[in-house]
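Chain and residue survey
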Number of protein chains: 2
Amino acid sequence: MDTTLFSEYIPLKSIEITDRFWRQKQELVRTQVIPYQYEALHDRIDGAEASYSVSNFIKAADIVKKLSNGEDVPVYPADKWHYDEANADECAFHGWVFQDSDVYKWIEAVGYSLSSHPDAVLQKKAEDIIDLICSSQMENGYLDTLYIINNRDGIFSNLKDFHELYCFGHLTEAAISFYNSTGDRRLLNAACRFADLICETFGETKIKGYPGHEIAEMALVKLYDVTLNRQYLETARFFINERGKKPYYYDTVLGRTTVEDNYHYNQAHCEPRHQHEAVGHAVRGVYLYSGMADIAKRYRDDELSTACQKILSNIINRKMYITGGIGSTALGEAFSFDYDLPNDLAYSETCASVGLIFFARRMLEIAPDSDTADTVERALYNTVLSGMSEDGRSFFYANPLEVLPEASHKDERKRHIKPTRQKWFGCACCPPNVARLISSIGEYCCTQNDSTVYIHQYIGAKITSSKGRLEILSDYLSIGKICVRIFPEKEFTLAVRIPKWCDSYTFSHKCEIRNGYAYFKIFDETQIDIQFEISVRMIKCSNRVRANIGKIAVTRGPFIYCLEEVDNGADLQMLSIDKNTSFSLDGQYIIAEGYREKDCESLYETFKEAEKSDVKLKFIPYYKWANRGENEMCVYIRAE
Amino acid sequence: MDTTLFSEYIPLKSIEITDRFWRQKQELVRTQVIPYQYEALHDRIDGAEASYSVSNFIKAADIVKKLSNGEDVPVYPADKWHYDEANADECAFHGWVFQDSDVYKWIEAVGYSLSSHPDAVLQKKAEDIIDLICSSQMENGYLDTLYIINNRDGIFSNLKDFHELYCFGHLTEAAISFYNSTGDRRLLNAACRFADLICETFGETKIKGYPGHEIAEMALVKLYDVTLNRQYLETARFFINERGKKPYYYDTVLGRTTVEDNYHYNQAHCEPRHQHEAVGHAVRGVYLYSGMADIAKRYRDDELSTACQKILSNIINRKMYITGGIGSTALGEAFSFDYDLPNDLAYSETCASVGLIFFARRMLEIAPDSDTADTVERALYNTVLSGMSEDGRSFFYANPLEVLPEASHKDERKRHIKPTRQKWFGCACCPPNVARLISSIGEYCCTQNDSTVYIHQYIGAKITSSKGRLEILSDYLSIGKICVRIFPEKEFTLAVRIPKWCDSYTFSHKCEIRNGYAYFKIFDETQIDIQFEISVRMIKCSNRVRANIGKIAVTRGPFIYCLEEVDNGADLQMLSIDKNTSFSLDGQYIIAEGYREKDCESLYETFKEAEKSDVKLKFIPYYKWANRGENEMCVYIRAE
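Residues numbered from 1 in each chain as written. Chains lettered and ligands numbered in written order. Predicted model: local features only at pLDDT ≥ 70, side-chain atom pairs only at ≥ 80, totals over all residues.

Taken residue by residue, the interface counts 43 residues in chain A and 43 residues in chain B. Among the secondary structure elements, those contributing two or more residues to the side of chain A that touches chain B are helix H12 (302–318), helix H15 (405–410), strand S16 (536–541), strand S22 (604–606) and strand S25 (637–639) of chain A. With 5 residues, the top contributor of residues to the side of chain A that touches chain B is S16(A). For the side of chain A that touches chain B, a count of residues per class yields 17 nonpolar, 9 polar and 17 charged. (Contact = placed C-beta atoms within 7 Å. Helix = DSSP H or I, 4+ residues; strand = E, 2+ residues; numbered from the N terminus. Nonpolar A, V, L, I, M, F, W, Y, C, P; charged D, E, K, R; others polar.)

Whenever strands of a sheet pair, they do so through backbone hydrogen bonds, lying parallel or antiparallel. Residues and elements named next belong to chain B. Read across the open sheet, the 6 strands follow the order S2-S8-S9-S10-S15-S12; overall the sheet is antiparallel. Because the sheet does not close on itself, it has two edges, and the strands there are strand S2 (15–17) and strand S12 (505–507). Strand-to-strand twist across the sheet, computed as the mean angle between neighbouring axes with direction ignored, equals 10°. Of the strand pairs in this sheet, strand S10 (residues 481–488) and strand S15 (residues 526–532) are connected by 6 bridges, and their pairing is antiparallel. Each bridged residue has a counterpart across the sheet, and for Arg 485 the counterpart in S15 is Gln 527. (Pairing = 2+ DSSP bridges. Axes fitted to C-alpha atoms, helices over the stretch in contact; angles between N-to-C directions.)

This next bit is on the domain arrangement of chain A. Its domain assignment divides chain A into domain 1 (1–15 + 265–442), domain 2 (49–258), domain 3 (446–532) and domain 4 (536–639). For domain 3 of chain A and domain 4 of chain A, the distance between their C-alpha centres works out to 36 Å. (Domains from an automatic or database assignment.)

A few words on helix H16 (residues 430–439) of chain B. All names here are of chain B. Summarising burial for H16: 10 of the 10 residues are buried, a large majority. All of the buried residues along H16 are Cys 430, Pro 431, Pro 432, Asn 433, Val 434, Ala 435, Arg 436, Leu 437, Ile 438 and Ser 439. In this structure, the buried residues of H16 make contact with helix H1 (20–41), helix H3 (100–116), helix H13 (350–366) and helix H14 (370–386). (Buried ≥ 20, exposed ≤ 12 C-beta atoms within 10 Å, placed from the backbone.)

Another aspect to go through is the pairing of strand S21 (residues 589–597) of chain A. All names here are of chain A. Alignment of strand S19 (residues 575–577) against S21, held across 3 bridges, turns out to be antiparallel. Residue pairing in the sheet places Ser 576 in a bridge with Tyr 595 of S21. As judged from the 4 bridges shared by strand S20 (residues 583–586) and S21, these two strands associate in the antiparallel manner. Each residue of the ladder has a partner; that of Phe 583, found in S21, is Ala 592. Counting the residues between successive antiparallel strands, the hairpin from S20 to S21 contains 2 residues, one of them, Gly 587, with a positive phi of roughly 60°. Here 8 bridges tie S21 to strand S23 (residues 612–621), and the two strands are oriented antiparallel to one another. The residue of S23 that forms the bridge with Ile 591 is Lys 618.

Structural data, given as structure tokens:
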């Protein structure tokens, strides 16, 4: 590892987002998603699945109080994934085993939002919930309402299937976000107390377990970064080093002999440092890989860093949709085998792309690389944004690349493919994940080290770096133009990413180009003008991807485009694009020349050239699809 | 209905198959499948799942004996689909709830085989099993080992989920086959006794139930044809008329309120005479439709006949693979929606194509129609034959049109897609279904009525019709040539099907052509020579089928062809066929000109024309695939 390439992201308090596109998204989160989610957490949304999140904390707080008074409180067995009204005593825990995390993700998003948009009323709401959470914490620091309510004797007894360490991770991320924006330490203290208990419980000479659903690893590193308590870092490393060792901890504790293959699901089939392929549940995967990258950097662990690099390369080059979606199979919400990227069966979960961005940013902190930064961009502008409707009120879990509503309604193989966004989910991981990423988008734009400030994402912002102020004025999305005004306090190097989609660019200043970044020496106050030629491109997919042979996708800048029925008529499969077409822009549309085959009703007939008529194809950005009612959509189109 | 078009199939005892192709298949069944299955029924095959079929009958016979001696015998709850060794008392019923049917299907195949190839040793084996079956029958005629062993108080209490009436149907078909070939009435008597009990139990003024898995309907009609006991016909009609009436019988009995949609699975969502689309579990569907056609003809029920015609048309024109496979989704082994015919996820169960042939033959008995006879041919020469390996020792359940072994191994969505045939199945419906169809293939060749003999399938045979002897000498499969020698006892009309795949043909005699059949007046002994021009054809699929746009399939005569990796290299998706290719024959192969794209490893790149090299494509008949080890296969190929 070349430690001179290490850098750190610039925290939110040092970035003010001014970008029109992203301000609007952040406002949607602030004015729509956060209030809506607040109501959802309190089970006050008509017609949506109940969350039970807040009510679980109320129950847990009551129990903790009674326990501290020496009262006897009944327990309920913690034996299943989902506790619904029909199956549980009213006093028992309700919802999914990871339900606490929804509250935490909401607080995390609120924290980010407050950092750019102070709001006393919202802050008070969050503080009230934080009070409730703190009063739910047990005397020893333990904090997971499922076990507090249902099974206090079973705490940490099934790390594989239940989610205590996962909830801890989200608690910690929420605590740090809220602390960073408000200076309020209450939730941070709660997170530290729970972290202390975890550090006392797990380790080389203690219980040798590790999380079933990863996230505690990266959360502990973040907590170390805030508190500088080395124990947190050590425990994060322990979780990563212990994972996948044989005999399996899970087997030992649960008294089972599991077929090794099953542990691919949660990346515990072998030690992370020996993993070179992205496998299993995609969200779990990228959360683990994020933690691995954190540890690799902080311990300068070459082997772990190499594993991360190989896994990222496997994702980018063999397992990622053109939209930045990952996890191509709904079964296990998992990575499939290399080049298995079906369009109409894609899972491509919103959360997985959020997690991919977490992982990629950490890899950029190890070494700047434009492929990695391009991956952040690809996932962000396509799958992540697709996850939320334009009005911020409905959400996708799965982000397919081809949708026929009839198939979603009638074909059970596609029951995960929704042709319209849903209001809310009982298992509500995606909406709050989108909310927290959008609210914290500033953390993904730039990194800095002793010598250099890196601009990875061109988002309009005012930045206070360690080298002085920067102002990024960005017309990147519309015309590929960026202007960076620099008010340096000392000499430094500015490095800006050259996106892979751009073949031709101009810079106003002399620069050196390395690994897809342009490096400028900055001495005085100056303004660097950047022009990336942004043209419509036809992209083809490797012919190892069976679904896309003979087809192309239309892109412009970071945006992947798609065809919708509302613009192009039904039976999108009958359309093809003229491979020599010119393209024009018309508002949000890209217009191209193409053909529509005449409908051929006869199921089987002797081959003859299809009769075709000329049509104008109208493409819209992929992330905008399904905002005009239920209709067909596809990204890839046959080229003729 | 035009009753002058009604005809009846010519029974096996009046047909001697002389056809080389079919003799060889029948010999495989006789020398390989029947003996192998006999061992399987006795759980004597190493490495195969246990059948338990014979042992269940031994247990049931013992219980029946004890009961007749007034002894008390314990029962076990009949509460699940599959009873395996781990979960059941050794004395309890083992296997699937429909396990008895495997024994019956074996006897049925043996009966057909004996009719063309007497074999005293085999007959004795069947007689011994028949003795065992007869001694398992309860005094009141009831005969289903699951309930006899496990739950004698629960008989007929769950028609929806369990399979007593299904097993009755197979018992009856076996009994008739064995009686027809040997004259032995023992099993026929047992079937009649069970049928009598069923007729006493179910009806307008009795229990208003009907089978969950259909087959009893067509079996009762067959039993009526043999015995002329009108009650059997009436009860078959009752089952069809009662099905789908509201409130649902199943709901009433089981005390549930089921969502109506669930009953699409077993075609009970509405009354059969109001059904116009093939839905639900495909095998159940075609078994029901067969019974409907039987009843429509015998009662001259126009409405029911119209329903059958619409359903058949829906299958042929919108829901059938080019291979004659039906039931395109593995979930529920079911018909999907119109034009949803994915190649790589196809279920296309062997049994469903066998059942489609049952249905189509009954429709031909109502009115000759070359589309219907073509459907028999399509299913027979492709999906049904694909179901069995060339050595008769392994079998397919699912018959996909595109296979990547890596996907079958790694992608759980394709776990039903086996890249090689399996030895035997615990749920062994397909192998014995293939065996009974091949052994009785003679029944599918010709039908006759007062005026006309129809030849629907060109299989070499010596036939004793009601109009005199016919000899069919067939080189149909290889060169499209058939010679029919006729030794009439009176004047009659001979009608022969003109296959849809043939554009050009010559007949040695003058004829009239109607509905795809050529009609010849026969006065004296004569010989009619038929020449169908049999050329290689490229077939395209309706562009409503999303999977096949821009692709073609290669066919010759009744055979659909495919590409295998062993002949064409890996990554079959990289191949395309020159749309102007000429074709040549080389042994079993069809050779064509085509292209192979150069492997393009980069996942996403700017579109440019693919680099291609010229290749010779080698196609083999679809039914022969997977006889040379595990490898890729596809039917459709891009045309350029």
